[in-house]
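Descriptive analysis of the structure
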Amino acid sequence: MSGKKLVLFIVLPLLLLGGGGAAAYFLLFKEEPKKEEAHGAEGEAAPAEEEAAAEEEGHMPAFVELPKMQANLIMTGKKQPFMVTTIVLEVGSPEEQKMIEEVQPRIENEIVTYLRSLRPEDVQGAAGLQRLREELLLRVKEAGKPAKVKDILFKEMLVQQ
């Protein structure tokens, strides 16, 4: 048996099974810390956490769906790669939703400008998508001021190479 076949048919499945077993152990059998342990002996929540919880209870989040956007990516081969995405922005209140809608062209410009600076391999896999989300969130928060954008949700994502 050649070295490649050995890795493909024996080593790789063993690694996958070991990783799956470890993930199952940590997800299913690991105990969560008790509230008393997490917040000290008195069991009191930190003041900042109480304020955040109260703020969350008082307001339902609002969402702003941006139109489908397409951007050419940096060429790495013979064909021009591109990305098509539909993004939904999560904001804290309907008032902030209105503010975001007023500056939406500026937000869309920031997103497309950033997407055009990427290569197809930059957005591959879960880690690539997470980095993309974090980078876009920073840019959208800045472009959407004074409204506060809490999160970016991908409704659609297509990368064509």
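Residues numbered from 1 in each chain as written. Predicted model: local features only at pLDDT ≥ 70, side-chain atom pairs only at ≥ 80, totals over all residues. Heavy atoms only, no water.

Some words on the pattern of salt bridges
Taken as a whole and assessed by the stated rule, the structure comprises seven salt bridges. With a shortest N-O distance of 3.6 Å, Glu156 and Lys68 are connected by a salt bridge. Note that Glu156 is positioned in strand β4 (residues 149-160) and Lys68 in the loop between β1 (62-65) and β2 (69-72), a separation of 88 residues in sequence. Using a relative accessible area of 30% as the deciding quantity, one classes Glu156 as partly exposed. You can call Lys68 exposed: its relative accessible area is 56%. Of the charged contacts, one joins Glu142 and Lys145 as a salt bridge, the two residues approaching to 3.2 Å between their closest N and O atoms. A single salt-bridge network, built from bridges that share partners, covers Arg119, Glu121 and Asp122. (Salt bridge = Lys/Arg side-chain N within 4 Å of Asp/Glu carboxyl O. Helix = DSSP H or I, 4+ residues; strand = E, 2+ residues; numbered from the N terminus. Buried < 20%, exposed > 50% of the residue type's maximum accessible area, 1.4 Å probe, protein only.)

Functional significance is not addressed by these values, which are geometric in nature.
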